[in-house]
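Spelled out, the chains give:
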Amino acid sequence: MKNILQTNNSQISRICLRIYDLQEKVQQTQHQSLKERLKIAIEQLGNKTIEISLAIINDLEQIAQNHPQYHWTIMDILTTFVRENAPSIPQEKLTSNLSTKIRVDIQAALTVIARRDVNKDPENEQLDLSHTDMRGANLNQANLKQINLYQANLAGANLTEANLAGAILSAANLEGTNLYLANLEGAILSAASLKGANLSGANLHCASLYLARLNEVVLNDTKLGGANLREAKFSD
């Protein structure tokens with residue numbers, strides 16, 4: 001890997017090399033207790049360089065997979081990391097909802113959350129990504145069932161085939177979001193903005209779209225049975 005990457009002077013190559021070295025250092029600390037590794041992760045995640053954050057996120061995913069007793073603790077660490085490092089920005093301060101590229105380490109944390117083993121989630125617990133800025137995030141086929149996304153900014157995000165059943169999306173920004181074949185059954189989208197969103201083939205059975213803004217939304221083959229569309233706005 002080093003031989004290949006050393007021939008490429010791009011920023012991505014330098015980042016990958018640093019991640020490789022950091023992961024070697026992480027492996028050297030395997031003798032440490034898991035609790036100590038988690039403590040170090042909490043202290044350093046988001047407070048160091050992006051390269052260190054990426055290495056820590058990778059290590060946390062491995063712990064979550066190999067040690068189920070720490071699964072939920074790690075998901076909580078990652079959602080806290082996203083909330084603290086990608087807080088939502090007031091609408092009046094946004095230059096464009098769709099042009100922002102999500103930070104690499106934020107995307108990495110979201111990817112781990114999205115592909116976690118949901119069978120290890122405790123009952124009656126909910127992941128919290130409310131008030132976050134996730135514009136342009138790639139959450140293709142993400143499992144975000146019953147997650148709290150209140151006032152989250154997901155404009156331009158890719159949520160193709162994502163599972164958002166029962167999710168809280170009240171006042172969320174979903175403008176231009178790709179929700180093709182997404183499962184939004186029972187989701188709460190009250191006062192959410194879905195202007196220009198692609199809901200083709202999406203399942204909105206029994207979803208609440210009260211006061212939602214649906215201007216220019218694509219509704220080809222969308223399942224709306226039992227959905228609450230009271231006072232939803234389809235035009236300005």
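Q: Explain the overall build of the chain to me, please; I cannot follow it from the model alone.
A: What the chain contains, in helices and strands, is six helices and zero strands. By residue count, 44% of the 236 residues in the chain fall in the buried class. Relative to all contacts within the chain whose residues are 6 or more apart in sequence, the contacts with residues 24 or more apart total 29%.

Q: Could you clarify how one ought to interpret the layout of surface pockets in this entry?
A: Remark: the empty space left among the atoms is shown by a probe the size of a water molecule rolled over them. Of the volumes computed, that of the largest pocket is approximately 330 Å³. Along the walls of the largest pocket sit 14 residues, with Asp121, Pro122, Glu125, Lys145 and Gln146 positioned nearest its centre. Residue composition of the lining of the largest pocket, by class: five nonpolar, four polar and five charged.

Q: In this structure, what is going on with empty space enclosed by the protein? I would like to understand it.
A: Tallied over the full model, the rule gives one cavity of 30 Å³ or more. Split into classes, the residues belonging to the lining of the largest cavity amount to eight nonpolar, no polar and no charged.

Q: Can you walk me through the environment of Ser208 in this structure?
A: Relative to the elements of secondary structure, Ser208 occurs in the segment after helix 6 (104-114). Each residue touching Ser208, except ones within four places of it in the same chain, is listed here: Ala187, Ile188, Leu189, Ser190 and Asn228.

Q: Looking at this model, I keep getting lost on the pattern of salt bridges. Mind explaining?
A: It is possible for side chains bearing opposite charge to pair when their charged atoms get close. Counted according to the given criterion, the structure contains six salt bridges. In this structure, the salt-bridge partner of Asp121 is Arg116, at a minimum N-O distance of 2.9 Å. Under the relative-accessibility criterion, Arg116 is labelled buried at 10%. Between Arg230 and Glu231 there is a salt bridge; the shortest N-O distance is 3.6 Å. For Glu231, a relative accessible area of 46% puts it in the partly exposed group.

Q: Hey, could you run me through unusual backbone geometry in this one?
A: Most peptide bonds take the trans form, and the phi angle of most residues other than glycine is negative. Of note in this structure, Gln141 is not a glycine but carries a positive phi near 60°. One non-glycine residue with positive phi stands out, namely Ala191, at about 60°. One can find Ala191 in the segment after helix 6.

Q: What is the right way to read the side chain of Thr132 from this model?
A: Note that Thr132 resides in the segment after helix 6. Beyond its immediate chain neighbours, meaning those up to four positions away, Thr132 contacts Val82, Arg83, Ala86, Pro87, Ser88, Gln151, Ala152 and Asn153.

Q: Would you mind going over the confidence of the model for the chain with me for this structure?
A: Where the model shows low pLDDT, its predicted coordinates should not be examined in detail. Taken over all residues, the pLDDT of the chain has a mean of 89, while the share at 70 or more is 85%. Put simply, helix 1 (residues 2-5) is where the chain has its lowest mean pLDDT, 51, and helix 6 is where it has its highest, 97.

Q: Quick question: what am I supposed to make of the nonpolar core here?
A: Generally speaking, nonpolar side chains in soluble globular proteins are found buried as a group. If you look at the biggest cluster of nonpolar residues, it comprises 62 residues, and the most contacted ones within it are Leu164 and Leu194. Contributions of two or more residues to this core are made by helix 3 (34-44), helix 4 (50-66), helix 5 (71-85) and helix 6. Counting residues per element, this core draws most heavily on helix 5, which supplies seven residues. Leu164 has contacts with Leu144, Ile147, Leu149, Leu159, Leu179, Asn183, Leu184 and Ala187, leaving out every residue within four places of it along the chain.

Q: How should a nonpolar patch on the surface be read in this particular structure?
A: Side chains of Leu219, Leu224, Leu229 and Phe234 sit close together on the surface and give an oily, nonpolar patch of about 290 Å² of accessible area. Looking at the secondary structure, you find Phe234 in the segment after helix 6.

Q: So what exactly am I meant to see when it comes to helix 6 here?
A: In terms of burial, helix 6 is largely enclosed, as eight of its 11 residues are buried. Burial in helix 6 covers these residues: Asp105, Ile106, Gln107, Ala109, Leu110, Val112, Ile113 and Ala114. Buried-residue contacts for helix 6 involve helix 4 and helix 5.

Q: Would you explain helix 4 in this entry?
A: Given 3.6 residues per helical turn, the α-helix brings residues three or four places apart onto the same face. For helix 4, which comprises 17 residues, the first-to-last C-alpha distance of 24 Å matches the rise-based estimate of 24 Å (1.5 Å per residue) to within 8%. Along helix 4, 12 of the 17 residues are buried, which leaves the element largely enclosed by surrounding structure. If you check which residues of helix 4 are buried, you get Glu51, Ile52, Ser53, Leu54, Ala55, Ile56, Ile57, Asp59, Leu60, Glu61, Ile63 and Ala64.

Q: Help me out: how do you make sense of the packing of helix 5 against helix 6 in this one?
A: For any two helices packed against each other, one specifies the crossing angle of their axes together with the interaxial distance. The N-to-C vectors of helix 5 and helix 6 enclose an angle of 145°; their axes lie 10 Å apart at closest approach. Note that helix 5 runs across helix 6; the crossing there is left-handed. On helix 6, the residues touching Met75, Leu78, Thr79, Phe81, Val82 and Asn85 of helix 5 are Asp105, Ile106, Ala109, Leu110, Val112 and Ile113. Of the residues belonging to the contact of helix 5 with helix 6, the class tally is nine nonpolar, two polar and one charged.

Cut-offs and rules
- Residues numbered from 1 in each chain as written.
- Predicted model: local features only at pLDDT ≥ 70, side-chain atom pairs only at ≥ 80, totals over all residues.
- Heavy atoms only, no water.
- Helix = DSSP H or I, 4+ residues; strand = E, 2+ residues; numbered from the N terminus.
- Buried < 20%, exposed > 50% of the residue type's maximum accessible area, 1.4 Å probe, protein only.
- Contact = heavy atoms within 4.5 Å.
- 1 Å grid on protein atoms, 1.4 Å probe; cavity = no way out; pocket = protein on both sides within 12 Å on 5 of 7 lines; lining within 4 Å.
- Points joined across faces, edges and corners; volume = space filled by probe spheres on them.
- Nonpolar A, V, L, I, M, F, W, Y, C, P; charged D, E, K, R; others polar.
- Salt bridge = Lys/Arg side-chain N within 4 Å of Asp/Glu carboxyl O.
- pLDDT = per-residue confidence, 0-100.
- Core = buried A, V, L, I, M, F, W, Y, C linked by side-chain atoms within 4.5 Å.
- Patch = residues over 30% accessible without salt bridge, like charges linked within 9 Å, V, L, I, M, F, W, Y side chains within 5 Å.
- Areas by Shrake-Rupley, 256 points an atom, 1.4 Å probe, with all protein chains shown as cover.
- Expected span 1.5 Å × (residues − 1).
- Axes fitted to C-alpha atoms, helices over the stretch in contact; angles between N-to-C directions.
- Left-handed = near helix turned anticlockwise from the far one by under 90°.

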